[in-house]
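# What the coordinates show
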Amino acid sequence: MERQLICISCPIGCRLQASWTDETDITIEGNQCPRGEIYGREEVLAPKRVVTATCMTAGSPMGTEVRRVSVKTDAPLPKEHIDSLLDTLYSMKIPLPVETGQVLLANIGGTGVNLVATRSM
Amino acid sequence: MSSVYDVAIIGAGVTGASIARRLSAYKLRVVLLEKECDVSFGVSKANSGIIHGGFHHGASTLKSRLEIQGNIMFDALQRDLHFPFRRCGILVAALSFEEMKTVEKLYMQGVQNGSIGIELCNRERMLSLEPKLNRDVVGGLHAPSGGIVEPYRLVFSLVESAVKNGVELKTKFKVNGVDITGERFHISSVNGETVTSRYAVNAAGLRADEISKLFKAEEFTISPRKGEEYLMDRNAAAFTSRVIFPVPSPNSKGMLVIPTVEGTTMVGPTAEEIEDKEDLATTGDNFEKVFYSARRLVPSVSERDIITAFVGLRPALEGNDFYIAISTKCPKLVQAAGIQSPGLTAAPAIGEYVKDLLKKAGLILEEKPNYDPAIDPLPRIREVDPFTAEKLIEKNPSYGNIVCRCESISEAEIVEAIKKGHTTLDGIKFYTRAQMGRCQGGFCTYKILKIIQRETGLSVDEITKRGAGSWEITGRVGEFQIFSRTGGKE
Amino acid sequence: MTEKKYDSVIIGGGSAGMAAACRIAEAGYSCAIVERETALGGILNQCIHNGFGLHHFKEELTGPEYAERFIQAVKDKGLDVYLETTVMDIEDTGSMKSFYGYSSVYGLLHFSCRSIVLAMGCRERNRGNIGTPGTRPSGIFTAGLAQRLVNIDGYIPGKKIVIVGSGDIGLIMARRMTWVGTEVLGVVEIQPYPAGLTRNIVQCLTDFNIPLHLSHVVSKIWGKERVEGVRVSPVGTEEGGNRASFDLDCDTLLLSVGLVPDNEISKKAGVDLNPETGGALVDSRLMTSVEGIFACGNVLHVHDLVDFVTEESQRCGEAVCHYLKGVAPGRQYRTVSGANVKYVLPNMYNPDGDNRFYLRPLVVKNGAELVVKIEGREVIRKKLRHVQPSEMVSFTLDREEIPSLESSRGNTLETGIL
């Protein structure tokens, strides 16, 4: 099996050639760095994406000055978990103060990936 | 106290507003009815803003007489109402000797009309009056009495003055029926509101024909004539010191280069007969036409400087003159229809003229002793020197918060606009100029949305660009079901 | 009126301003940042997606994280920061510059300084700039404004979205709008190739099956009060006259049609601008045509990566320090664009120092080569692999690579892509 991929690990966007016979024998070509290899493999096996979004902060009134805190997953999350993560995080209210890197939601869906704040407020 | 108004004016464009303000000097109950959510939102908004020099039309027309009278009234009006106005003068540039013959006719017409200071110019004088003109100019005409105005600000201040002197303003009042019982008009709106008045004025612009029909008065047809204009940045190289006209054709004054009173440059308008009174779409085809024509006058006009394009509709009437008269079929109704160019120039004179017609129709005019023709000037942070600015900021710190960076408009000015009833994004734009500059609201819209919410208590999804249907925000993050179609493994 | 005196004042507290300011402060000069918004960080604050910092920090950060590192540095160095303060007209009185800062927090401030760094960033091109015909309803937003509304304020501007332009902000917004539960019907791009980074095509469009219509334009907008639909037409066909045109029912149009350096204050200060970049003409020190006024970041030219903004701005900060120290610039010669190059910056180079150049290609080309010549003599020839207009190229010209130059000649440096 073969697939053309474009690496999204960095802005260079290497054009990857993935070829495999089974899931244990995947060859990635065209990558300029080791991250391309990892990306290529994952994209074939179980595609993952980093999710970024914003959450409401606690105590922010629904009036004019809603303050939102930006968040991300601390590692790429398997795609099938993304929609339910978004639903969850939009209903969360983060108590202030919050620090960059603070875990807001641990081990999302048992994946080991955490949701962390990307800004201190 | 009866709930009967002496006069109901239909339409709060420059015509209706001028009439309302003029009547506000008398002991009358006057109501000004406007279908849109703010005044000046129709014909008067999308307008070239020219105060004409009184040479384009022959003395036999009503519009020519009112143009000259109106022109003269602008200085006093500005002293009272503080709208942006500059008597910068008008040039008509002839690019051939054939065209020069037409210019000579315009000159004679201007002299007959009494256009103050009008002169014929040779090539050298034309180029010294405006060095940016095409070097191929052979001569032309200079009308120093011509000028430029911000048309919507003129209307806003006329209405503010009228309201200050007791006129009632009803916006979102779209007239859809008139019942006449005896000496009374019962004017009703699509929202089911009704006002009763003894006299009425039809200043309904594009809809004057429909309004006349509702009064069972004269039948006539208003044909919209579409004009497309392009607005350029305030740094545009093509900014001239005077308004530049081409030599007119029999049907149109042609497309001009206009140095607006606020420092931007405008080119246009086109003139196109259309059917649909709501057709405000720009076409793209006209772009070439406008720029070809404008560059013929001023070669440095560049499309790179465009910040926006818009369409205005002229409410043209057959014969092309104004129709301002007491209705013969409905003697307590005064018609003010077909007010296209030079309607803005003529507006103050139309106010006077209609006041006299109402008197003739039997309305008793008794002067109000406490009539105050002036309104308070609003400080604008970009127009004051730093020392004045400091005092303003000391008194009200929000003068120091520059919300619109392109036009340097402070929060205080936006709050003032909201307090005066301009609660839509467009209302605030036309009142303050915020969102009107080169970024067209890209930087300041979110700030203005917040200020409107704070000042009015509206929620963000209730705020509109210019009234019902023109919403800006549909909801908040988290309110919609997420269905990102992000599958797992393919 | 409060008087403020500094060696240097930086106008704009985004990534460029903060990087330049830190360098100047590190050298011991008094330095302040004037920022009109309520926080430092500039546009990074609303760029909550990741992909920042791979060059500069060697790790992948979101916009707010990237900004926060510099905000912390600004704090640590004890720099004076004037937030919510807008700079009005700059006056150049030779060795001293002065200007007013308008603020609801500080009142009216009068700044005097020996040097100024322009770091105001850029603004988005809008509908008027691209001349899209049609009605003028609500529902037409620049992509950056929509990004601000969604990411900072939590407001959703519409439910059925069409995006014009495939610049990175447009692509990022296609994903964002999908991730807040609205429907993105397509991205329309006038060029035959995407304007944004390839990775963003993959993770923002392909991931969600959002169609990208290359070589198409939105040829008409309709809707009286709110946008109701648009016509999408192939480039070069008249509106409505071609079968390949199609209509999309949408309530929102997001425009991602390019950025323009925001140089209004610069113009008032008398700074000469480069029509190719929309930014200032600068010498090898990134000093503008006005002595003592420098420029860096997106106000100088629009960058595609913030990492390059940081790098350029740090160099700018160092140049300001040299200037404040009184170091004369030495020899400088002109740089010009050669084949297939839209622009190359800076506009001068210094043959006695190391030079860093940024250039923007005019063409899409595989296996391209960068060729740099001085007086016709080749000084650099280097493989670039793939080039395209949306991706800036940078290169360094070290002192050792520059041959000895005769001062009687022009010594113009020409940069081309072959």
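Remember, predicted model here, so these are calculated numbers, not experimental data.

Definitions and limits used
- Residues numbered from 1 in each chain as written.
- Chains lettered and ligands numbered in written order.
- Predicted model: local features only at pLDDT ≥ 70, side-chain atom pairs only at ≥ 80, totals over all residues.
- Heavy atoms only, no water.
- Helix = DSSP H or I, 4+ residues; strand = E, 2+ residues; numbered from the N terminus.
- Rg over C-alpha atoms; globule rule 2.2 N^0.38 Å.
- Buried < 20%, exposed > 50% of the residue type's maximum accessible area, 1.4 Å probe, protein only.
- Contact = heavy atoms within 4.5 Å.
- Buried area = accessible area lost by both parts, 1.4 Å probe.
- Salt bridge = Lys/Arg side-chain N within 4 Å of Asp/Glu carboxyl O.
- Polar contact = N/O pair within 3.5 Å; in protein donor to acceptor, adjacent residues only side chain to side chain.
- Nonpolar A, V, L, I, M, F, W, Y, C, P; charged D, E, K, R; others polar.
- Pairing = 2+ DSSP bridges.
- Core = buried A, V, L, I, M, F, W, Y, C linked by side-chain atoms within 4.5 Å.
- Right-handed = clockwise from strand over helix to strand, strands pointing away.
- Domains from an automatic or database assignment.
- Axes fitted to C-alpha atoms, helices over the stretch in contact; angles between N-to-C directions.
- Parallel < 35°, antiparallel > 145°, perpendicular 65-115°, else oblique.
- Phe/Tyr/Trp six-rings, centres within 6.5 Å; stacked < 30°, edge-to-face > 60°.
- Lys NZ or Arg CZ within 6 Å of the ring centre and 35° of its normal.
- pLDDT = per-residue confidence, 0-100.
- Expected span 1.5 Å × (residues − 1).

### Side note on the overall build of chain C
Within chain C, the regular secondary structure consists of eight helices and 28 strands. At 23 Å, chain C has a C-alpha radius of gyration in line with the 22 Å of a compact globule built from 418 residues. In terms of overall dimensions, chain C has C-alpha extents of about 65 × 55 × 40 Å along its principal axes. Looking at chain C as a whole, 63% of its 418 residues are labelled buried.

### Things to note about the overall build of chain A
Assigned secondary structure in chain A consists of two helices and ten strands. What you see in chain A, going N to C, is helices and strands ordered as β-β-β-α-β-β-β-β-α-β-β-β. Over its C-alpha trace chain A gives a radius of gyration of 18 Å, far above what one expects of a compact globule, namely 14 Å for 121 residues. Expressed as lengths along the three principal axes of its C-alpha atoms, the size of chain A is roughly 55 × 30 × 20 Å. Of all 121 residues assigned to chain A, the portion counted as buried reaches 47%.

### Section: the interface of chain C and chain B
On the side of chain B, 57 residues touch chain C, which itself brings 54 residues to the contact. Of the roughly 4800 Å² buried at the junction of chain C and chain B (both faces included), carbon and sulfur atoms supply 54%. Of all residues in chain C, the largest losses of buried area upon contact with chain B belong to Tyr102, Arg136 and Tyr155 of chain C, amounting jointly to 15% of the total for that side. In this assembly, chain C and chain B are joined by six salt bridges. Notably, a salt bridge pairs aspartate 153 of chain C with lysine 450 of chain B, separated by 2.6 Å at the nearest N-O pair. Connecting chain C to chain B are 25 residue pairs in polar contact (both at pLDDT 80 or more). With five residues, the top contributor of residues to the side of chain C that touches chain B is helix α4 (residues 143–153) of chain C. The class makeup of the residues in the side of chain C that touches chain B is 20 nonpolar, 17 polar and 17 charged. Across two bridges, strand β23 (residues 475–476) of chain B lies against strand β11 (residues 155–156) of chain C in antiparallel orientation. Opposite glycine 475 of chain B, over in β11 of chain C, you have isoleucine 156 of chain C as the bridge partner.

### Topic: the sheet that holds strand β9 (residues 103–105) of chain A
Residues and elements named next belong to chain A. On the basis of which strands lie adjacent, the open sheet formed by five strands has the order β8-β5-β6-β10-β9 and mixed pairing. Strand pairing shows two members of the sheet lacking a second neighbour, β8 (93–94) and β9, which therefore form its edges. Summarising the sheet, strand β5 (residues 52–57) and strand β6 (residues 68–73) pair through five bridges and their orientation is antiparallel. Bridging across to β6, threonine 54 finds its partner in serine 70.

### Some remarks on the nonpolar core
Ranked by internal contacts, the top residues of the largest apolar core, which has 122 residues, are Leu89 of chain A together with Ile9 of chain B. Those residues within four positions of isoleucine 9 of chain B in sequence are excluded, and the remaining contacts are Gly16, Ile19, Ala20, Leu23, Val30, Val31, Leu32, Leu33, Val201 and Ala203 of chain B. Counting 69 residues, the second-largest nonpolar core is a separate cluster that includes Ala20, Ala25, Phe308 and Val309 of chain C.

### Here's the deal with the pairing of strand β2 (residues 31–34) of chain C
All names here are of chain C. The alternating pattern of β2 places Cys31 and Ile33 and Ala32 and Val34 on opposite faces, both of which are buried. Of the pairings in the sheet, the one linking strand β1 (residues 2–11) to β2 comprises four bridges and is parallel in character. Its bridge partner being in β2, serine 8 is matched across the sheet by cysteine 31. The handedness of the β1 to β2 crossover, carried by helix α1 (residues 15–26), is right-handed.

### Digging into the side chain of aspartate 7 of chain C
Residues and elements named next belong to chain C. Positionally, aspartate 7 belongs in strand β1. Judged by its relative accessible area of 17%, aspartate 7 is buried. When neighbours within four sequence positions are excluded, aspartate 7 is seen to be in contact with Tyr29, Ser30, Cys113, Arg114, Ser115 and Leu324.

### Some remarks on the domain arrangement of chain A
Bring the parts together and some accessible area is lost; that lost area is often taken as the interface size. Assigned domains within chain A: domain 1 (2–45) and domain 2 (49–117). Computed over C-alpha atoms, the centres of domain 1 of chain A and domain 2 of chain A are 29 Å apart.

### Re the environment of valine 235 of chain C
Residue and element names in this part refer to chain C. Relative to the elements of secondary structure, valine 235 occurs in the loop between β16 (229–234) and β17 (246–249). Sequence spacing of valine 235 and glycine 338 is 103 residues, and the spatial spacing of their C-alpha atoms is 29 Å. With residues up to four places along the chain from it excluded, the contact list for valine 235 reads Ile190, Ser215, His216 and Val217.

### Quick look at the packing of helix α12 (residues 445–456) of chain B against α4 of chain C
It is at 9 Å that the axes of α12 of chain B and α4 of chain C come closest, and there the two elements cross at 50°. Considering the angle they form, α12 of chain B stands oblique to α4 of chain C. Here α12 of chain B contributes Thr445, Tyr446, Leu449 and Lys450 of chain B to the contact with α4 of chain C, which in turn contributes Leu145, Arg148, Leu149 and Asp153 of chain C. When the residues that make up the contact of α12 of chain B with α4 of chain C are grouped by side-chain class, the tally is four nonpolar, one polar and three charged.

### Section: the pattern of salt bridges
Residues and elements named next belong to chain C. Following the criterion strictly, the structure yields 72 salt bridges over all chains and no others. Linking aspartate 352 and arginine 331 is a salt bridge whose minimum nitrogen-to-oxygen distance equals 2.9 Å. Placement of aspartate 352 in the loop between β23 (348–349) and β24 (355–361) and of arginine 331 in the loop between α8 (306–325) and β21 (333–337) is noted, with a sequence separation of 21 residues between them. Its relative accessible area of 36% is what places aspartate 352 among the partly exposed residues.

### Brief notes about the interface of chain A and chain C
Between chain A and chain C, the contact holds 29 residues from the first and 27 residues from the second. Overall, the association of chain A and chain C removes approximately 2400 Å² of surface from exposure, summing both partners, and the carbon and sulfur fraction of that is 51%. A per-residue breakdown of the area chain A buries against chain C is headed by Ile8, Pro11 and Thr52 of chain A, which together make up 25% of the total. One can count three salt bridges joining chain A with chain C. Its salt-bridge partner being arginine 49 of chain A, residue aspartate 207 of chain C comes within 2.5 Å of it at the nearest N-O pair.

### A short note on the sheet that holds β23 of chain C
Residues and elements named next belong to chain C. Spatially, the five strands line up as an open sheet ordered β23-β21-β28-β25-β26, and their pairing is mixed. If you trace the sheet from one side to the other, it starts and ends with β23 and β26 (377–387), each paired once. By the bridge criterion, five bridges tie strand β25 (residues 365–374) to strand β28 (residues 413–417) in an arrangement that is antiparallel. The residue of β28 that forms the bridge with lysine 373 is glutamate 414.

### Comments concerning the environment of valine 155 of chain B
Residue and element names in this part refer to chain B. Within the element layout of this structure, valine 155 appears in helix α5 (residues 151–164). Sequence separation between valine 155 and glycine 16 is 139 residues; the distance between their C-alpha atoms is 9.1 Å. When residues no more than four places from it in sequence are discounted, the contact partners of valine 155 are Ala12, Gly13, Val14, Ala17, Val39, Ser40 and Ser44.

### Here's the deal with the packing of aromatic side chains
Going through the model one piece at a time under the given rule, you end up with 24 aromatic pairs over all chains. Ring geometry for tyrosine 152 of chain B and phenylalanine 430 of chain B: centres 4.7 Å apart, planes at 55°, overall tilted. One end of the pair, tyrosine 152 of chain B, is in helix α5; the other, phenylalanine 430 of chain B, is in helix α11 (residues 425–432), with 278 residues separating them in the sequence. By the burial criterion, tyrosine 152 of chain B is buried, and phenylalanine 430 of chain B matches it. Each residue in the set Tyr6, Tyr82, Phe99, Tyr106 and Phe111 of chain C is aromatic and connected to the rest through ring pairs, giving one cluster. The positively charged end of arginine 405 of chain B is found above the aromatic ring belonging to phenylalanine 443 of chain B, 3.4 Å away from the centroid. Residue placement shows arginine 69 of chain C over the ring face of phenylalanine 57 of chain C; its charged tip is 4.9 Å from the ring centre.

### Section: the confidence of the model for chain C
The predicted structure's coordinates, where accompanied by low pLDDT, should not be read in detail. Within chain C, residue pLDDT values average 93, and 98% of them lie at 70 or more. Interface confidence in the predicted complex, given as ipTM, is 0.93; pTM for the same model is 0.93.

### Some thoughts on α5 of chain B
All names here are of chain B. Here α5 contains 14 residues, and its C-alpha end-to-end distance of 20 Å stays within 8% of the 20 Å for a straight helix at 1.5 Å per residue. Burial runs high along α5: eleven of the 14 residues are buried. Listed as buried for α5 are Pro151, Tyr152, Arg153, Leu154, Val155, Phe156, Ser157, Leu158, Val159, Ser161 and Ala162. Glycine 166 sits one or two residues past α5 and shows a positive phi near 105°.

### What to know about α11 of chain B
What sets the pattern is the α-helix's 3.6 residues per turn: residues three or four places apart point alike. Residues and elements named next belong to chain B. Taken across its eight residues, α11 has eight buried, putting it largely inside the fold. Within the sequence span of α11, burial applies to Leu425, Asp426, Gly427, Ile428, Lys429, Phe430, Tyr431 and Thr432. Those residues of α11 that are buried lie in contact with α5, β22 (409–410), α10 (411–419) and α12. Arginine 433 lies just past α11 and shows a positive phi near 85°.

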